[in-house]
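# Topology and contacts: notes
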Amino acid sequence: MDSLRRSSFALLFFLLFSFCVSSSAAKFNMPRLRTRPRTIQNEPILMSASESKDYKTFLYTQPLDHFNYRPDSYKTFQQRYLINFKYWDGANTSAPIFVLFGGEESIDYDRDINGFLPENAPHFKALLVYIEHRYYGKSVPFGSKEEAMKNASTLGYCNSAQAIADYAAVLLHIKQKYSAEKCPVIVIGGSYGGMLASWFRLKYPHIALGALASSSPILYFDGVVDPQVGYYTIVTKDFKETSESCYETIRKSWGEIDEVGSRPNGLSILSKKFRTCNPLNSTSELKDYLDSLYTDAAQYDEPPKYPVSRVCGAIDGAEGTDILDKIFAAVVTYMGNTSCYDMKEFGSPTSTYDMFTWQVCTELVFPIGHGHNDTMFPLAPFDLSSFSKTCEGLFGVQPKPHWVTTYYGGQDIKLILHNFASNIIFSNGLRDPYSSGGVLKNISDSVVALNTVNGSHCLDILPAKESDPLWLIMQRKAEVEIIEGWLAKYHADLLEFEDETRARFQELV
């Protein structure tokens, strides 16, 4: 298979992250599963030098393949992880270890946007560990990103099962290195990282005492939830609840874009009206861009800015009656008033897009589409056949849409997990479109769902602000109290076990 880097079609796919979803060859941009938005105006505030000095960087020699015994499985790569020892009370007190699982980003980015670990470490006297996901950041096999992404044979080792096996190996290494075998581990993640955290607790309960999985749509696979009443339904609900007139304007705008685009010089008219950096080649480019803008606003509709309200305020407040003028006002408000707007901004060319495209094309098959006429988007249901053909054309492999539920479960989740799972918090904000694939009801006394009606994607694990509303403060407080309960029970059990061990030893002597 030729290098993906040499294929212009593949590169376009990576940049736009779009695929055919209907017989009419309509395209849409799949919403990224990430903790924070990644557009120019939403770049994170990086950690200061004084803060970053508390973090030490380490490398762990990780096997390429944890599950086979072929000679090439024993190849290795250097996996990066960070440790903050500042608050740790030490192994002698069995102080806990809080671990952030990296998702589809560098671990530096994940560390900088996470507030839950450093804000709660002093209270718990916890060791903080941040582990980078294989193939992301600097934890790249085969010596370079170019070689790692060369073809399906090199990309094949990038999957969730290998990733959580990596995490298990690193954590066992840390426990041994610092004589922390009796220090309980709490794993934490948001979005894809949260999915990994919950799956890790299920697969490696001997390593992790508990998991906090924020905004983790582990049920968005294989028909566990109705894919047609999912992501875009909630986006629409968010906008409609904010402003009925805003919702109606957006709903009507798609036909207006197509009508203007079909005129002589119509694409030039649209390019000028929307101040695009490059001339539009089709109306789909503009519609994909607007699709991403609306979903971005809904997914990350957090206080105090509340982007959905800002977008709708711009639409409703625009002068005149021209629909597209109103839509452009929303673009300016959300993206900032710039000389031009890059229609590819939401699919900016980064290697993380390339890698996550591979993961979505293989195991993480999210059936996201515009499946109902009552959404504010054009009808474009997810089409597995078209999706599979696109992925096969890119990578030469077929997706496995049933693998996630086969390997991790998901069907009849309450019945199954009620019998054996424990110590997992599934937190969701119900304005987050991905909450449609989340665990929203308690499964047992210790596998619990913490929902906030007005919450957005991963809001609970982001850094706290003075402007945070009470409902968000209470959600975080509830998470801390649950983890306190897990740790209290663990330490009580540990003390009882040690007393029993000493008693048996005394009987022997």
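Our subject in this report is the structure included herewith. (Residues numbered from 1 in each chain as written. Predicted model: local features only at pLDDT ≥ 70, side-chain atom pairs only at ≥ 80, totals over all residues. Heavy atoms only, no water.)

Core analysis: the biggest nonpolar cluster contains 114 residues, and V187, F200, F239 and Y294 have the highest contact counts within it. When residues of this core are assigned to their parent elements, the largest contribution, nine residues, is made by helix α7 (residues 160–177). Setting aside anything within four residues of it in sequence, one finds F200 in contact with F101, I164, Y167, A168, L171, V187, P205, I207 and A208. In terms of nonpolar packing, the next biggest core, distinct from the first, is built from 25 residues, L117, Y130, L450 and W486 among them. (Core = buried A, V, L, I, M, F, W, Y, C linked by side-chain atoms within 4.5 Å. Buried < 20%, exposed > 50% of the residue type's maximum accessible area, 1.4 Å probe, protein only. Helix = DSSP H or I, 4+ residues; strand = E, 2+ residues; numbered from the N terminus. Contact = heavy atoms within 4.5 Å.)

Interhelical geometry of helix α10 (residues 244–261) versus helix α12 (residues 283–299) gives an angle of 165 degrees and a closest axis separation of 10 Å. When the interaxial angle is binned, α10 and α12 end up roughly antiparallel. Of the two elements, α10 crosses α12, and the hand of that crossing is right-handed. Only T283, L286, K287, L290, D291 and Y294 of α12 make contact with α10, whose side of the interface consists of I250, W254, I257, D258 and G261. Partitioning the contact of α10 with α12 into residue classes produces six nonpolar, two polar and three charged. (Axes fitted to C-alpha atoms, helices over the stretch in contact; angles between N-to-C directions. Parallel < 35°, antiparallel > 145°, perpendicular 65-115°, else oblique. Left-handed = near helix turned anticlockwise from the far one by under 90°. Nonpolar A, V, L, I, M, F, W, Y, C, P; charged D, E, K, R; others polar.)

Glancing now at α7. An ideal rise of 1.5 Å per residue puts 26 Å on 18 residues; α7 measures up with 26 Å between its terminal C-alpha atoms. Most of α7 is tucked away, with 14 of its 18 residues classed as buried. Just beyond α7, the residue with positive phi is S179, at close to 50 degrees. (Expected span 1.5 Å × (residues − 1).)

This structure, assessed with the given rule, holds 28 aromatic pairs. Each ring, one from W358 and one from F395, has its centre 5.1 Å from the other, and the planes form 85 degrees; the classification is edge-to-face. In this pair, W358 is assigned in helix α15 (residues 351–362) and F395 in helix α16 (residues 384–395), connecting sequence segments 37 residues apart. Considered together, W358 and F395 belong to a single accessibility category, that of buried residues. (Phe/Tyr/Trp six-rings, centres within 6.5 Å; stacked < 30°, edge-to-face > 60°.)

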